[in-house]
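Overview (structure and organization)
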Amino acid sequence: MTVDRILPTDEAHDLLGLATELADRELAPKAAVFEERAEFPREVLRTLGRAGLLGLPYPEEYGGAAQPYEVYLQVLEILASRWLAVAEAVSVHTLSCYPVAAFGSDEQRKLLPDMLGGELLGAYCLSEPQGGSDAASLSTRAVRDGDAYLVSGTKAWITHARTADFFNVFCRTGGPGPKGISCLLADAGTPGIAPQAAERTMGLRSSPVAQIAFDEARVPADRLIGGEGVGFTIAMSALDSGRLGIAACAVGLAQAALDYAVSYARERQQFGRSIIDFQGLGFLLADAATQISAARALTLAAARLRDAGRPYAIEAAKAKLFATDMAMRVTTDAVQVLGGAGYVADHPVERYMREAKVLQIVEGTNQIQRLVISRALAQG
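Let me begin by describing the structure that accompanies this report. This is a predicted model, so every value here is computed, not measured. (Residues numbered from 1 in each chain as written. Predicted model: local features only at pLDDT ≥ 70, side-chain atom pairs only at ≥ 80, totals over all residues. Heavy atoms only, no water.)

Let us now look at the overall build of the protein. Scanning the protein for helices and strands turns up 11 helices and 10 strands. Relative to a compact globule of 380 residues, whose C-alpha radius of gyration would be 21 Å, the protein shows 21 Å and is just as compact. Seen through its C-alpha atoms, the protein measures out along the principal axes to roughly 80 × 45 × 40 Å. Expressed as a percentage of its 380 residues, the buried residues of the protein come to 52%. A fraction of 75% describes how many contacts in the protein between residues 6 or more apart in sequence connect residues 24 or more apart. When the accessible surface of the protein is summed, it comes to about 16400 Å², and 52% of that surface belongs to carbon and sulfur atoms. A gap of 5 Å separates the mean positions of the 36 positive and 44 negative side-chain charges of the protein. (Helix = DSSP H or I, 4+ residues; strand = E, 2+ residues; numbered from the N terminus. Rg over C-alpha atoms; globule rule 2.2 N^0.38 Å. Buried < 20%, exposed > 50% of the residue type's maximum accessible area, 1.4 Å probe, protein only. Contact = heavy atoms within 4.5 Å. Areas by Shrake-Rupley, 256 points an atom, 1.4 Å probe, with all protein chains shown as cover. Lys, Arg positive; Asp, Glu negative; His and termini not counted. Charge placed at Lys NZ, Arg CZ, Asp CG, Glu CD.)

So, in structure tokens, the structure goes:
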């Protein structure tokens, strides 16, 4: 289905055209095979980086494209409609570049051209085995030792854990609570950093996640981002943007599921006519199309607030909540439209359904989004 988009510039229109071309050529033909093999498409990420699609929302002086977040999210949606794992990888990598871009020193920002160009792939190390939603209670500790920090602890559910070139490591340099948390930029090859075996996940198998063990890993002190005690502020600020990225991924995945279900329902004949002509299915697909449009509008409205420099955290939470719940419903309904055929791997909708589930969990579970929104209502 062609999505009617209103874009701010001709350059943005061209970028979406480039994204569509690359997604059709580099992503769509490979998705099923890589998912079956659980193989991470590192070269695809390099291709997107060299095409300028990994640094879209960052300034040109750092090697970015200086595009509005509104444009970046629409590119992400296009990628997700062809291969969610790649879109999620782009979202995570974009998130991983944020601490250095927004809080880094001039020396640290010299790394940004390679980060934004895709030569260096990033990972965001916040969650821990005993601390997911309660990020302020993290226990990974960094102790100052001369001109370096010695980092010890375990991070969990880390996308790109086994393939990243750099890690944003959120660790405790001070006392308990958020004010004791700092952020270190660690090279993946640092002795004492050991990615563990990949988790056996329900979906997104070509983008494996894993724990990372830190055993007195020595990270130079000049890799401290923003100063001691600033880590929690960095983490929460980054997650507001990351939630919009996941919302855009959800919209793209749901659009792919709807497009496939509609095509199938037009061709499938029962009782002498196409099954899309039966109201039971036709209305279900109409609801799905409406929900997708609503999620897209909510996501882009939050992005426009961000682009305008206005508060957008609550709107990002709403977008993430609505879009990912919507994607779960739409992909489930797409399987139902195909009936028995939807339950087998011959059709991609069963994979879409498995993939949609994780979007309700990452970047803050949807229960956390409801908590964020309800607290804002309570505070007026």
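The next point concerns the nonpolar core. If you look at the biggest cluster of nonpolar residues, it comprises 78 residues, and the most contacted ones within it are Leu48, Leu73 and Val90. With 16 residues, helix α7 (residues 231–267) is the largest single contributor of residues to this core. Each residue touching Val90, except ones within four places of it in the same chain, is listed here: Leu45, Leu48, Leu53, Leu54, Tyr72, Leu76 and Leu79. Membership of the second largest hydrophobic core comes to 24 residues, among which are Met115, Tyr124, Ala135 and Ile225. (Core = buried A, V, L, I, M, F, W, Y, C linked by side-chain atoms within 4.5 Å.)

Here the structure, examined in full by the defined rule, presents zero disulfides. Free cysteine: Cys125, not disulfide-bonded; nearest cysteine sulfur from Cys183 at 9.2 Å. With no disulfide of its own, Cys171 lies closest to Cys183 among cysteine sulfurs, the gap being 7.4 Å. (Disulfide = S-S within 2.5 Å.)

Within the span of helix α3 (residues 42–50), buried status applies to Arg42, Val44, Leu45, Leu48 and Gly49. In a view along the axis of α3, the buried residues occupy a sector of 160 degrees, so they form one face of it. Where α3 is buried, its residues meet α1 (10–27), α4 (69–82), α5 (84–103) and α6 (112–116). Looking one or two places after α3, you find Gly52, whose phi comes out positive at around 85 degrees. (Arc of directions from axis to C-beta.)

Take it as geometry only, folks, not as evidence of what the structure does.
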